[in-house]
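So you can see what is in the structure, the chains are spelled out below.
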Amino acid sequence: MRPSRLHTRAVPLLVLLGWASAAMSAPRRAPVDRTAMREAIAAAAVTDKQVSPASYAHDLRAQLLSLEGRHHEAADALRLALATDEGNPYLLTHLGEEYSLVGDLVRAEAALRRVVALHPHYYPGRMMLARVLLEARRPARAEVQLRQALRLKPREPQAYLLLAQLHLDARAHAQAVLVVEQLARALPGEISGYRQLGLALAERGDAERARRMLSRALERDPGDVESLNVLARLHEKAGALKEAEDALARALERDPDNAAMLESAGRLALRGGSSVRARAYFDRLLAQAGDSDLAVRVALVFLSAHDSDAALAVLDAAREGRGGSARLSFSAGLVHERMRHFTRAAAAYAEVPDTASLASDARAREGICLSQAGEHARALALLRASLAERPGDTEREIQLARALERAGESEPALTLLREANARGAQPELLEALAGTLKRLGRAGQALDVLREAVSRTPRDPAPRYVLATVLLEQGDEAGALTWMRSVLRMEPDHPAALNFIGYLLAQRGRDFAEAERLVRRALALRPDTGSFLDSLGWIHYRRGDYARAVQALARAAELEPEEPVILEHLGDAYQRAARPDEAAGAWRRALEVLARTPEAAEPRDQRTLIERKLKMLPTGAPGR
């Protein structure tokens, strides 16, 4: 036997004498499993990374080359080391690893097969061979090596974890769980198996098993932040919002300044209906971050929960406390504008510096808000400059015309819109021109303009679409349906036309099957469109299917929380579904929107109709 492979150590004589004395005086012991002892001693004898002096320099060079990513050269150095230290298990295992790193799995397997043949009790060699076999997509043979490794070191987690991964890759999730349970029995305090399997199962969408594994990990380490964080996400996906927030709260006890978890906890608190708890989380987050973009993100979270006041508080505090930023001021302007605080919105937009990328849009919106606030001269100057900067911009032309109309300059407004329409009949411009004529009491002229646009561009569906909407506003349902069906003949996949006809058929209380078919086609073309979901919900409502109506309308209200018609429909569905408290809540939200934007009323007396519905609710429901 070569001296380099001997790992014996001299044992002091006193120790031997002590053992002899103890042996003579000690009581008779239970029989010793000598086979197990030999295996343990053999395994221990080859785990040290010991090489002969002659091969040491080559081994050291191989390690340095490997760290630099020069794995081919590292393998060459290891072959030189093995020339003077033949059969060394550590060197052979390292060589197999270097071959695997360059993708030469055949040579890697050959080197590692030699290790396990010469040193069947060498744990690292079996583990590396199992990894190479897995990479070569030979899981059955990899499992054989892993089972052997488990017998060598039943209290070493590595083999269990790799075996669990093998079962996961084979989609045998139940088998992976059994392996992790086996690890837990072998090492009662070990949580890595439960945690890693839980995280992997969560990624693979096996939520139930993932929750079970992570819960087991937390039984052993209640403060494991990563497990708590993933468990919170799983609870949230399952709709268990309280459990999700509780998990995050426990994680934050260990990591109180974790920005991602504070933001998630704030969102969950809002979804759970607690604005107070949400503010506490977000205040902590904003106090430590000092990031204006983060303030905007938090404000958007509050807006999505229909809490505009909290959104404004966050934005205004950030503007005052940190000097603000262009995006922060612009976002504050949008929220103030949404809440019809037009003077404050204009002031926020004015804060956006001329050098910012948002400057052009900020000046345009500032002009719109000043027009709404009655400051017509400043508004018109800003909007004219805005349009000069982007000539032909449809939205800016429409906004300038509307500002001219508010300032009492109706004829210049009409001239601007007619000239814009002459360049090409776009639906927005046609609608703006028709709307202006109607507000001026010239409904007949509005229809003439639209019919002339149809005759001028008979192959363009846009003027036909606007004509149908105007006819419906004037009460001509039959004419509206006729023109809108002509749009579909020209463009069968026109989403808005499909939705228009479907909704109108439902309103008339007939052809529900066709109505649903058309609206579902519109949704297939433009999924998650609030107005289309409103139409679908209204079809269910008119059919008497109130449960499905609530489902569709609630989603529509999430997508378009500032649309009073959708909110009124949702309230109607809640009432018919015997949920009066929620009906009152939806109607009251609609009234709040109408108070800010009375022009959004449809019909004009919508506010009065909703107030009447609230008064007719059973005693004890909100609104009484």
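All figures in this text were calculated on a predicted structure; none of them were measured in a lab. (Residues numbered from 1 in each chain as written. Predicted model: local features only at pLDDT ≥ 70, side-chain atom pairs only at ≥ 80, totals over all residues. Heavy atoms only, no water.)

### Focus on the overall build of the protein
On a plain count of helices and strands, the protein comes out with 35 helices and 0 strands. What you see for the protein is a C-alpha radius of gyration of 37 Å, clearly larger than the 25 Å of a compact globule of 624 residues, by over 25%. Expressed along its principal axes, the backbone C-alpha trace of the protein runs to roughly 115 × 60 × 55 Å. Looking at the protein as a whole, 46% of its 624 residues are labelled buried. Pairs at least 24 apart in sequence give 47% of the contacts found in the protein among residues at least 6 apart. Here the protein has roughly 31,600 Å² of accessible surface; of this, 52% comes from carbon and sulfur atoms. (Helix = DSSP H or I, 4+ residues; strand = E, 2+ residues; numbered from the N terminus. Rg over C-alpha atoms; globule rule 2.2 N^0.38 Å. Buried < 20%, exposed > 50% of the residue type's maximum accessible area, 1.4 Å probe, protein only. Contact = heavy atoms within 4.5 Å. Areas by Shrake-Rupley, 256 points an atom, 1.4 Å probe, with all protein chains shown as cover.)

### Considering the packing of aromatic side chains
Overall, the coordinates contain 4 aromatic pairs when judged by the stated rule. With 4.5 Å between their ring centres and 5° between their planes, W538 and Y541 make a pair best called stacked. In this pair, W538 and Y541 both sit in helix α31 (residues 530-543), 3 residues apart, roughly one turn of the helix. Ring pairing ties together the aromatic residues W538, Y541 and Y546, which thus form one cluster. (Phe/Tyr/Trp six-rings, centres within 6.5 Å; stacked < 30°, edge-to-face > 60°.)

### Observations regarding the packing of helix α26 (residues 443-456) against helix α27 (residues 461-473)
How two helices pack is summed up by the angle between their axes together with the distance between the axes. Interhelical geometry of α26 versus α27 gives an angle of 155° and a closest axis separation of 9 Å. Considering their axes alone, α26 and α27 lie roughly antiparallel with respect to each other. When you trace α26 past α27, the crossing you get is left-handed. Two secondary-structure elements touch here, α26 through L447, L450, R451, A453 and V454 and α27 through P463, R464, V466, L467, V470 and L471. Across the contact of α26 with α27, the residue classes break down as 9 nonpolar, no polar and 2 charged. (Axes fitted to C-alpha atoms, helices over the stretch in contact; angles between N-to-C directions. Parallel < 35°, antiparallel > 145°, perpendicular 65-115°, else oblique. Left-handed = near helix turned anticlockwise from the far one by under 90°. Nonpolar A, V, L, I, M, F, W, Y, C, P; charged D, E, K, R; others polar.)

### Observations concerning the confidence of the model for the protein
Confidence along the protein averages 85 in pLDDT terms, with 90% of residues attaining 70 or more. Within the model, the stretch residues 1-30 combines pLDDT values under 50 with 9 contacts to residues more than four positions away or in other chains. Low confidence marks residues 32-48, where pLDDT is under 50. Its contacts with residues over four positions away, or in another chain, come to 12 contacts. (pLDDT = per-residue confidence, 0-100.)

### Looking at the environment of A77
Summarising the element assignment, A77 is placed in helix α4 (residues 71-84). We classify A77 as buried; its relative accessible area is 4%. Each residue touching A77, except ones within four places of it in the same chain, is listed here: H58, R61 and A62.

### As for the side chain of E568
Examined against the element boundaries, E568 turns out to sit in helix α33 (residues 564-576). Under the relative-accessibility criterion, E568 is labelled buried at 9%. Excluding anything up to four places from it in sequence, E568 contacts W587, A590, Q606, I610 and K613.

### Observations concerning the pattern of salt bridges
Within this structure, the stated rule accounts for 49 salt bridges. Taking the shortest distance from any N to any O, the salt bridge between R319 and E351 comes out at 2.5 Å. Of this pair, R319 sits in helix α18 (residues 308-322) while E351 sits in the loop between α20 (342-350) and α21 (359-372), and the two are 32 residues apart along the sequence. The class of R319 is buried, set by a relative accessible area of 18%. The shortest N-O distance in the salt bridge between R396 and D361 comes to 3.0 Å. You can see R396 sitting in helix α23 (residues 394-406) and its partner D361 sitting in helix α21, a full 35 residues away along the chain. When its relative accessible area of 31% is taken as the criterion, D361 is described as partly exposed. A cluster of three or more residues bridged by salt bridges with shared partners is formed by D354, R363, E366, E375 and R378. (Salt bridge = Lys/Arg side-chain N within 4 Å of Asp/Glu carboxyl O.)

### Concerning the nonpolar core
Counting residues in hydrophobic clusters, the biggest one holds 101 residues, and the most contacted among them are L146, L197, F282, V298 and F302. The dominant element in this core, judged by the number of residues it contributes, is helix α17 (residues 292-304), at 8 residues. Discounting residues that sit within four places of it in the chain, F302 has contacts with L270, S275, A278, R279, F282, D307, A310, A311 and V314. In this structure, I398, A403, L567 and A584 belong to the second largest nonpolar core, which totals 77 residues. (Core = buried A, V, L, I, M, F, W, Y, C linked by side-chain atoms within 4.5 Å.)

### So, helix α28 (residues 477-490)
Its 14 residues give α28 an end-to-end C-alpha distance of 20 Å, which sits within 8% of 20 Å, the value for a rise of 1.5 Å per residue. G479, A480, L481, M484, S486, V487 and L488 are the residues of α28 that are buried. Close packing links the buried residues of α28 with α27, α29 (495-507) and α30 (512-525). (Expected span 1.5 Å × (residues − 1).)

### So, a nonpolar patch on the surface
A grouping of Y56, L60, L64 and L67 is seen on the molecular surface, where their side chains present a nonpolar patch of about 450 Å² in accessible area. Relative to the elements of secondary structure, Y56 occurs in helix α3 (residues 53-67). (Patch = residues over 30% accessible without salt bridge, like charges linked within 9 Å, V, L, I, M, F, W, Y side chains within 5 Å.)

### A word on the packing of helix α10 (residues 173-186) against helix α12 (residues 207-220)
Axis separation between α10 and α12 bottoms out at 11 Å; the angle between their running directions is 10°. Judged by the angle between their axes, α10 and α12 are roughly parallel. The segment α10 lies against α12, with H173, A174, V177, V180, E181 and A184 engaging R209, M213, R216 and R220. For the contact of α10 with α12, the class distribution of residues is 5 nonpolar, 1 polar and 4 charged.

### Re unusual backbone geometry
In this chain, E602 is followed by P603 through a cis amide linkage whose omega measures 5°. Structurally, P603 is set in the loop between α34 (580-596) and α35 (606-615). Although it is not a glycine, R137 adopts a positive phi angle of roughly 60°. As for its placement among the helices and strands, R137 is situated in the loop between α7 (123-135) and α8 (139-152).

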